[in-house]
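Residues per chain are reported as follows:
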Amino acid sequence: MGFRNNALGYPLDLLQSRAVIKKDNYAVIPPDGLVRNQIPGFEGCEITILASPKLGASFVDYLVTLLPGGRNRAGFGGDGIETFAYVLSGAVWAGDGEQESLLEAGGFIYVPAHRSLFLENRIEGASELFLYKRRYQALAGYEATTVIGNANQIASIDYEGMSDVHFTTLLPTDNLAFDMNFHLLSFEPGASHGYIETHVQEHGALILEGEGLYNLDNDWIPVKQGDYLFMAAYCLQAGYGVGRQGAFTYLYSKDCNRDEPL
Ligand code: UGY
Ligand code: MN
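So, how was this worked out
Residues numbered from 1 in each chain as written. Chains lettered and ligands numbered in written order. Predicted model: local features only at pLDDT ≥ 70, side-chain atom pairs only at ≥ 80, totals over all residues. Heavy atoms only, no water. Helix = DSSP H or I, 4+ residues; strand = E, 2+ residues; numbered from the N terminus. Buried < 20%, exposed > 50% of the residue type's maximum accessible area, 1.4 Å probe, protein only. Pairing = 2+ DSSP bridges. Axes fitted to C-alpha atoms, helices over the stretch in contact; angles between N-to-C directions. Near = heavy atom within 4 Å. Polar contact = N/O pair within 3.5 Å; in protein donor to acceptor, adjacent residues only side chain to side chain. Areas by Shrake-Rupley, 256 points an atom, 1.4 Å probe, with all protein chains shown as cover. 1 Å grid on protein atoms, 1.4 Å probe; cavity = no way out; pocket = protein on both sides within 12 Å on 5 of 7 lines; lining within 4 Å. Sits in = over half its atoms within 2 Å of the grid points. Nonpolar A, V, L, I, M, F, W, Y, C, P; charged D, E, K, R; others polar.

Chemist: In this structure, what is going on with unusual backbone geometry? I would like to understand it.
Modeler: Glycine aside, residues mostly have negative phi angles, and peptide bonds mostly take the trans form. With a phi angle near 45°, Glu 160 is a residue other than glycine that sits in the positive phi range. Within the secondary structure layout, Glu 160 lies in the loop between β12 (157–159) and β13 (162–169). The phi dihedral of Asp 217 is positive, around 55°, even though this residue is not glycine. Mapped onto the fold, Asp 217 is located in the loop between β16 (211–216) and β17 (219–224). The class of Asp 217 is partly exposed, set by a relative accessible area of 32%.

This is the structure:
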């Protein structure tokens with residue numbers, strides 16, 4: 001049920017949910033319970049806010065459905081806020097006021113904190129976007145630049161020596177100007193992390209395909225395509241790909257390249 005599945009009205013059974021919300025620790029947010037938000041600047045868009053500082057994140061993640069004619073002409077981000085958009089389906093024109101591109105599934109744009117992100121749906125139907133914003137942590141002498149690409153055109157590498165776990169990095173790794181990155185991690189059935197991670201970085205993760213069994217703070221939780229995961233700093237985390245149909249893949253953000261302030 002829920003608006004994202006276009007299944008509203010009387011419930012068919014007892015009300016129940018797979019959602020788990022542990023503020024400042026982790027969250028599993030399946031699509032069923034999500035609600036629509038109106039956000040100024042977005043015209044003709046249905047928006048759901050996922051992680052936010054109220055959950056314990058230093059960033060905000062969103063799912064955006066751009067309806068026919070849907071757009072953001074006012075500009076999203078800027079004034080110290082970096083933004084990132086990843087097209088899940090459809091075709092979206094995206095620009096930063098200088099560079100622009102037509103993004104299809106897998107297409108993404110990172111816009112640095114001194115510029116704004118502009119968006120416009122370019123198909124007759126709806127386009128779906130994953131959207132992110134975070135206050136940029138500047139580093140003297142460095143300036144991040146706009147990055148436009150498509151995840152399907154970036155070669156993955158074996159993840160930490162495992163040939164059945166595929167790791168794709170979307171933003172530059174050799175430039176300290178970037179204080180965060182986006183990655184895809186994909187597990188073939190039966191593959192897993194090599195160890196349960198315990199680290200200071202936070203993640204927001206959208207499961208793009210498949211099914212997994214995920215450890216969050218030592219709770220083992222089944223998750224699947226469409227679920228959103230938030231992992232706060234120091235949250236224990238690891239997963240197995242368990243689906244019989246194919247890979248378990250998620251898109252996730254990770255802060256990087258900065259010391260921790262005292
Ligand atoms: O990059 C990471 O920290 C990543 N391996 N974490 C995760 O998949 N939960
Ligand atoms: Mn991690």
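And the narrative resumes.
Chemist: Just checking my understanding: could you explain the sheet that holds β16 for this structure?
Modeler: The strands making up a sheet associate through hydrogen bonds between their backbones, and the pairing can be parallel or antiparallel. The strand order across the open sheet formed by three strands is β17-β16-β19, and the pairing between neighbours is antiparallel. Both outer strands of the open sheet, β17 and β19 (237–241), are each paired with one neighbouring strand and no more. Taking the axes of each pair of neighbouring strands and ignoring which way they run, one obtains an average angle of 25° across the sheet.

Chemist: Explanation requested: the site of ligand 1 in the structure shown.
Modeler: Every residue close to ligand 1 is listed here: Tyr 159, Leu 185, His 193, Glu 197, His 199, His 203, Tyr 214, Met 231, Gln 237, Tyr 250, Tyr 252 and Lys 254. Contact between ligand 1 and Tyr 214: a nitrogen atom at 2.9 Å from a side-chain N or O atom of the residue. One of the side-chain N or O atoms of Tyr 250 is found 2.5 Å from an oxygen atom in ligand 1. About the coverage of ligand 1: the protein hides 98% of its 270 Å² of free accessible area. Under a 2 Å grid-point criterion requiring more than half of the atoms, the pocket assigned to ligand 1 is the largest cavity. Considered class by class, the residues forming the shell around ligand 1 number six nonpolar, four polar and two charged.

The analysis is restricted to geometry; functional conclusions fall outside its scope.
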